[in-house]
Amino acid sequence: MSSEISLKNSKILIADDNHQNCELLDAYLLDEGYETFMAYDGKETLEKVAEIDPDLILLDIMMPKLSGYEVCAQLKQSAETKEIPILVITALNEMGDIEKSVQAGCDDFLTKPVNRIELTTRVRSLLRVRHLTHERDRLLAYLAEVEGTTRSTSSES
């Protein structure tokens, strides 16, 4: 139950140069209770990621300034952003396009037109993974802190 509540507060960045596509995805996600943000080209997508630290990115491939492939590759190569799940949503559906998306580091992909149930199910799954990863990292940091405190206490004895 608590994981569902935390998912409702999730920030999702929708990156697509087509405003109607953004509005459609936004409507689907707002109905689910997520907080959404928009970016309309690759460069703006990278700027928004730095600004809002999203929990998930919905990324179109064919965008001006930087393609979705380039955006995905840059985000996955950065230590600060590599853990953000990326769901590629594209009209491109050739096997080569899917392979390029996977090679760039995407976590999942959907082809347009997007089915609402498929979108919301995949978004929920990717957000669960994101939140579990956060929880794991928080617990590991806590354990390291406890272990460090225990070692310093025992060395003082």
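The shown structure was predicted, so the numbers you read here are calculated from the model rather than taken from an experiment.

**Regarding the overall build of the protein chain**
Per the secondary structure count, the protein chain includes six helices and five strands. In sequence order, the protein chain lays out its α and β elements as α-β-α-β-α-β-α-β-α-β-α. Restricting the contact set of the protein chain to residue pairs at least 6 apart, pairs at least 24 apart contribute 64%. Roughly 9100 Å² of accessible area belongs to the protein chain as shown, and the carbon and sulfur atoms make up 53% of that amount.

**Concerning the sheet that holds strand 4 (residues 86-90)**
Pairing within the open sheet is parallel, and its five strands lie in the order 2-1-3-4-5. Bordering the open sheet on either side are strand 2 (35-39) and strand 5 (108-111), each of which pairs with just one other strand. If you compare each strand with its neighbour and ignore which way they point, the axes differ by 20° on average. Here four bridges tie strand 1 (residues 11-15) to strand 3 (residues 56-59), and the two strands are oriented parallel to one another. Residue alanine 15 lies in a different strand from strand 3, and its bridge partner there is leucine 59. Contacts from helix 4 (residues 68-77) reach strand 3 and strand 4 within the one sheet, and its direction differs from that of strand 3 by about 160°.

**Looking at the pattern of salt bridges**
In this structure the tally under the stated criterion is 13 salt bridges. Linking lysine 43 and glutamate 47 is a salt bridge whose minimum nitrogen-to-oxygen distance equals 3.4 Å. Of this pair, lysine 43 and glutamate 47 both sit in helix 3 (residues 42-52), four residues apart, roughly one helical turn. Among the residues examined, glutamate 47 registers a relative accessible area of 43% and is labelled partly exposed. Its salt-bridge partner being arginine 130, residue aspartate 55 comes within 4.0 Å of it at the nearest N-O pair. Taken together, the residues span a long stretch of sequence, with aspartate 55 in the loop between helix 3 and strand 3 and arginine 130 in helix 6 (residues 116-156) at a distance of 75 residues. When sorted by exposure, aspartate 55 lands in the same class as arginine 130, which is buried.

Parameters and conventions
Residues numbered from 1 in each chain as written. Predicted model: local features only at pLDDT ≥ 70, side-chain atom pairs only at ≥ 80, totals over all residues. Heavy atoms only, no water. Helix = DSSP H or I, 4+ residues; strand = E, 2+ residues; numbered from the N terminus. Contact = heavy atoms within 4.5 Å. Areas by Shrake-Rupley, 256 points an atom, 1.4 Å probe, with all protein chains shown as cover. Pairing = 2+ DSSP bridges. Axes fitted to C-alpha atoms, helices over the stretch in contact; angles between N-to-C directions. Salt bridge = Lys/Arg side-chain N within 4 Å of Asp/Glu carboxyl O. Buried < 20%, exposed > 50% of the residue type's maximum accessible area, 1.4 Å probe, protein only.

These figures come from the coordinates and say nothing about function on their own.
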